[in-house]
Structures are given as C-alpha cells and as structure tokens.
Amino acid sequence: MLHINSQAIAKLWSRAIVNICDVLLRPAATMIGVIFVVPVFAQTVTLTTSGSYTVPANVYQISVVVRGAGGGAGGPDLNSSGNGGSGAAVTALINVTPGQVFNANVGRGGQPGRWWGSGGNGFTPSGGAGGLGWANGGSGGSAGPTYYSGGGGGGGGATSFSLGATLYMAAGGGGGGGGATATGSGVTGQNGGASAALGAAAAGGVAASYTGDGSGGSGGGGGCTTGGAASPPVDDSISPSIAAGAGRSCAISTATVSAVTYSSAGGSGGTGVPGGYDPSNPTQAYNSQTPGSNGSVSITPVAPTIKLTKTTTGSASGVATFGYTLTGVTTATESISVTGSATVASAVTHTGTYGVAATVNESTIPAPWSITGLVCNDTASAITGNVNPVGTVTGSTVSIPATQMRAGAKIVCAYTNSKTATVTLRKTWVDATVNNAVNVTATGLTTLASVAGTANETDTGAAQTVNVGSVLTLAESFTTGSAANYNTTLACTGTSGLVGSTLTVGSADTAIVCTYTNTRKIATLTKAFSPTSISVGGTST
C-alpha cells in the first residue's frame, strides 16, 4: 500500500515554489552588451550593464568610478536575517585618446538566501547564488540538514574597466548576509574590499551561534577573483555556521592611472528581514529579503580649467588690483591684487567645457599700469597634446579655440604688467632764425616736429606713456637750418635718470618733461686798421 505523507507533499510543493523564484531571480549567465558613444558635449555616462565606452573628440583625460555589486541578504528564521555587504568602489583618472574603446564588465548583485520554516524530510534551504561579473561572487551557504533556518546570501559580482586585454580598474562585490536561526540573527555581510592590493578578502556574514536549532548559512564573498562558496556546518546541532570562503573582494588598478581612491560605496547590499514569519508560508519570507544592487561604471571627461597668474614690475610698494572677465567658463569674473613688484598665482580655478571656446580679458588695469606680456600654456600638454602657447593674444585678451579646450587641459594664463610714467618732448628756440625746423625724437615715442615761427618760442608735444625701466635715447635733427648755428642743451625734469642723451625711467618717476633748447650763436666782429697808427688829420683803412 502506498502511504502518502501530507506534510512531505506540502514541503515538496513549497520547495518547488522556492526553486521557481530562485530561477527567476538568478542573474543571467550572459549579459547583453551595450555600446555607448558619447556625444561631443556629453558629460557623465553611467553604464549599469556590461558594454563599451568610446572616447569622444577633444577628450584626453577621464575620471572613472567603478562599483562592485552588493551581496544578497540572508534568509530569515524566527530571528532577523543579515543584510548584504556593499560592493567596493574605486575612482581614478585615466589618460585617454579620442576614439579609444573601453569595455565595462558590470557585476550583478548577489541573490538572497532561502528560508524554510519547517524541518525534516531532507529539504535544506540553500544559499543565494553569487552575482556574475568580471569575477563572480560566491554562493551563500545552506542551512544544516537537521533543521532548516535561513540560507546565506550570495556575494556580489566584481566590476571591471579595461582597454582591450589591459585591465585598468576593478572593484569587488560585497559579501552576502548571514542567514538567521531560531535563536540568533544573521550577521551583515562584509563590504567589498577597499584596498589597492589584489586579494583583500570580504567574507560573507557569519550566522549566529546556536544550540539545537538549524544553522543560518553564511554569505558568499564578492569577487576580484571568484568568491568562495560558504559551507554548512558539519553538525548543526552543536556548531555555528561556517563563514563563506574568502570572496577576494577588492579594488585594484593595473594600468597607468592616477589620483586613485577606494571606498565601499559600490552597489548596496540586499536588505534582510525581521524574523517571526509563519513557518507554513516560506514563500512569503523568501520574497521579502532582497538581492544586492548591481554594480556600475561612471565615466566623466575631466573638464578643462583656466588659472591666472599676475606679475607686476617697476613698483617697490603700493597695492594694485586688476580685474578680469572670462567667457566659456563657470566663473565669469576675477580680480587679483598685487603689492609692489611681485608674482601672484590666483587660487581661483575657472572650469570650462571640453570642445567649447573660452576667452580671458584683463578688463580693469589701474593707473599707472600697462600690460606688457600675456601668454597661455597648457601645463598638461603631455596628456592633451596641446601645442604651447595656446590661444591667440590681442592686446589684453586671449582667445582659446574649442580645439584647445580639451578634456584634461590645465591652462595657465600669465599676465605681466609694468608701472608707467609719462614723457613729454619739448623744444625751445632762443633768437632763432625764423622757419628753422628740427625733429625731436626718443626711442619708441612719437616725434616732435618743431618749426621756429618766431625767434623765441617753445613747442610742446603730447605726454606719452612709457613703462618704468624703459631706456630712451633722445636726439634732435635739423630739417631746416643747421645745428652749427646754435648752442644746444638737453634737460629733463621729473626724473634723475638722464645721463647724456640717455633717459632711464625710474620707479619714482611719474611725469617727465625733456627739453631741447637751441640758442642762436652770436658773431663777434673785430676791425683791423692799416696803418695801425695815424697822425692828426691822417686816414686809415
């Protein structure tokens, strides 16, 4: 006679439901790849599934955040199950070339551990499956065979970012949460390893110790190499749950990267559930605890930046403030104050957009200063390929074209300003021959053309600006008449820098007047008599 155990049939039916749920929630063995080609002006692109990233035009440096997947939560019993651990995250700067194609293998979250409320008959609640990825997470441990508590959550899969066969970055998944028992709660899985060293383990959470009740399975580790699966206890009536095999969860970089940081800010772990569920309804509890979140890769072109430096010359004291206006950057204005003669590097960083032109203009130049130099160089030209100097200079403005505003560019524009003075050329005629004329010249200045309209007059040119430190050679030349007919002197007021006909403009000079004075020479007549002596009434010629 065939005997049918109604309790066994109920367990079989519940077990079938659990298996179906497990199949539906397990990650697919093959993930569909997605290719992302970034538009010219796109900023951050985040890949949440495995795919490719093509470096756009004008991009020579990118900031990348790789996040491993979270571990699944453990299964509950009369006590609460453990949460899954968070995946690791690694951030770094990578130098790139437009057109390169990088590949992202995005880790999937670990699945939650199963729960079984009644014991016996060989139905052991199993652990959740580890998430797939660049390296797979370990599977959660099953509860012991005597009583049936919560299974451990599966570890999250690792996420990687690579160029061809060269691995640049990888972040491991979090450990799975521990399963609960009737007498103890499951422990939260460890976070993904935040370490530069390959092999920093993140074992799954360990279920609480117990006596005489089914063990909670421990969580699987995340993977930078495949996570180890947890093992059930040898004798669950006297031993605690055994920890998962080390998941080798880590964050690594094996290619040329910079500014690397590590954290446990990857995919979040699955959430455990409180205990006390109805043992006759295992499906309710199984559907409540959650898998870990999937990993991701975020890529952001590093925005070009512009910084300013100011150099002043020709002044020993006093504060001068210069103002600037900029276009194509986030901060449109800036001012720099300088004391005396010095060089000041501004602390302000102006952030632009790659592929968008920018300009810088020294819009406020206080008296008595003038611009004497302007040059812009990309200090990251070894990365961007920019040819220095960058931009086109017109007066106090530099225009940087879109093709030189490259992602990763660090442009420094150096302005040089000199203190100024004025020099006025003057000509004085004394007893001149009317219509005699001269040109009075000085290096770099406009010529004073003077014509003697009267015998005695003074002609004065306009005040002209020169830089402190300038060396001027003064001269005059006759265009009508002859210098031989005049006595000539040169004198400059407002300065002590005249030596001969050379004038050096000093830092204390403000308004200099240089005067050429031409005085017509006076002839002396001498009369000789022959004979030299004569008698009274005589004559001499």
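Residues numbered from 1 in each chain as written. Predicted model: local features only at pLDDT ≥ 70, side-chain atom pairs only at ≥ 80, totals over all residues. Heavy atoms only, no water.

The next thing to look at is the pattern of salt bridges. Inspection of every chain in the model, using the stated rule, returns 2 salt bridges. Residue K310 is joined to E362 by a salt bridge in which the shortest nitrogen-to-oxygen separation is 2.4 Å. Here E362 lies in strand β17 (residues 358-364) and K310 lies in strand β12 (residues 305-313), a separation of 52 residues in the sequence. Each member of the pair, K310 together with E362, is buried. Residues K427 and E476 are paired through a salt bridge, measuring 2.9 Å at the closest nitrogen-oxygen approach. Of this pair, K427 sits in strand β21 (residues 410-430) while E476 sits in strand β26 (residues 471-480), and the two are 49 residues apart along the sequence. Residues K427 and E476 agree in their burial class; the two are buried. (Salt bridge = Lys/Arg side-chain N within 4 Å of Asp/Glu carboxyl O. Helix = DSSP H or I, 4+ residues; strand = E, 2+ residues; numbered from the N terminus. Buried < 20%, exposed > 50% of the residue type's maximum accessible area, 1.4 Å probe, protein only.)

Take the pairing of strand β11 (residues 296-301) next. Extensive coverage of β11 is indicated by the burial of 5 of its 6 residues. As paired elements, strand β2 (residues 45-47) and β11 share 3 bridges and run antiparallel to each other. For T46, the partnering residue across the bridge sits in β11 and is S298. Strand direction decides the pairing type here: strand β4 (residues 61-67) and β11, joined by 6 bridges, are antiparallel. Following the sheet pairing, V65 is matched in β11 by S298. (Pairing = 2+ DSSP bridges.)

One recurring pattern in soluble globular proteins: nonpolar side chains tend to sit buried together. Membership of the largest hydrophobic core comes to 25 residues, with the highest contact counts inside it found for I62, V64, I94, F161 and M169. Counting residues per element, the ones that place at least two in this core are β2, β4, β5 (89-95), β6 (101-105), β8 (166-171) and β11. Apart from the residues lying within four places of it in its own chain, the contact partners of V64 are V90, T91, A92, I94, F161, M169, V297, S298 and I299. (Core = buried A, V, L, I, M, F, W, Y, C linked by side-chain atoms within 4.5 Å. Contact = heavy atoms within 4.5 Å.)

Sheet strands pair by backbone hydrogen bonding; their relative direction is either parallel or antiparallel. Taken together, 5 strands build an open sheet; the order of strands is β14-β13-β17-β20-β19 and the sheet is antiparallel. Of all strands in the sheet, those bounded by a partner on one side alone are β14 (333-339) and β19 (392-394). Here the strands of the sheet are splayed against their neighbours by 20° on average, with no regard to which way each runs. Of the pairings in the sheet, the one linking β17 to strand β20 (residues 397-400) comprises 4 bridges and is antiparallel in character. Pairing of T359 across the sheet is with S399, part of β20. (Axes fitted to C-alpha atoms, helices over the stretch in contact; angles between N-to-C directions.)

Moving on to the environment of T271. Here T271 is to be found in the loop between β10 (258-263) and α2 (282-286). The partly exposed category is assigned to T271, whose relative accessible area is 45%. Distance in space between the C-alpha atoms of T271 and G72 is 7.5 Å, their sequence separation being 199 residues. Setting aside its immediate chain neighbours within four residues, T271 contacts A73, N83, Q289 and T290.

Cysteine pairs can be linked by a disulfide, which is a covalent bond between their two sulfur atoms. What the rule picks out here adds up to 2 disulfides. One disulfide in the model links C492 with C514; its S-S distance is 2.0 Å. Torsion about the S-S bond of the C492 and C514 cystine: about 110°, corresponding to right-handed handedness. With C492 in strand β27 (residues 486-493) and C514 in strand β30 (residues 511-520), the pair connects residues that are 22 residues apart, well separated along the chain. Using a relative accessible area of 15% as the deciding quantity, one classes C492 as buried. Under the relative-accessibility criterion, C514 is labelled buried at 1%. Ordering the disulfide-forming cysteines of the protein chain by sequence position, one finds them joined as 1-2, 3-4. (Disulfide = S-S within 2.5 Å.)

Our focus in this paragraph is the environment of N95. Checked against the element boundaries, N95 lands in strand β5. Along the backbone, N95 and V59 are 36 residues apart, and their C-alpha atoms lie at a distance of 9.0 Å. When sequence neighbours within four positions are dropped, the list of residues in contact with N95 reads Y60, Q61 and I383. A polar contact of 3.0 Å, which involves the side chain of N95, links it to the side chain of Q61. (Polar contact = N/O pair within 3.5 Å; in protein donor to acceptor, adjacent residues only side chain to side chain.)

Looking at where T515 falls in the secondary structure, it is placed in strand β30. Contact partners of T515, with chain neighbours within four places excluded, come to R426, T428, T489, L490 and A491.

If you walk through the whole model with that rule in mind, you get 7 aromatic pairs. Geometrically, the ring pair formed by F102 and F161 is stacked, given 5.0 Å between the ring centres and 0° between the ring planes. Of this pair, F102 sits in strand β6 while F161 is found in strand β7 (residues 159-163), placing the two residues 59 residues apart along the sequence. The exposure classification of F102 matches that of F161, with both residues buried. Members of the aromatic cluster, each reached through a chain of ring pairs, are F102, F161 and Y168. Stacked on the ring of F322, the Lys or Arg K310 has its end atom at 4.2 Å from the ring centre. Between K427 and the ring centre of W429, over which it is positioned, the NZ or CZ distance is 4.6 Å. (Phe/Tyr/Trp six-rings, centres within 6.5 Å; stacked < 30°, edge-to-face > 60°. Lys NZ or Arg CZ within 6 Å of the ring centre and 35° of its normal.)

For the rest of this paragraph, the subject is the sheet that holds strand β29 (residues 502-504). Strand order in this open sheet of 5 strands is β23-β22-β26-β29-β28, and the pairing throughout is antiparallel. Because the sheet does not close on itself, it has two edges, and the strands there are β23 (448-451) and β28 (498-499). Pairing of strand β22 (residues 437-442) with β23 involves 4 bridges; the strand directions are antiparallel. Directly across from V438, in β23, lies its bridge partner S450.

Before going further, it helps to spend a moment on the confidence of the model for the protein chain. Residues with a pLDDT of 70 or more make up 69% of the protein chain, whose mean pLDDT is 78. Note on residues 194-203: pLDDT is under 50 here. Beyond four places in sequence and across chains, it has 39 contacts. In the predicted structure, residues 206-215 sits below a pLDDT of 50 and forms 48 contacts with residues beyond four places in sequence or in another chain. (pLDDT = per-residue confidence, 0-100.)

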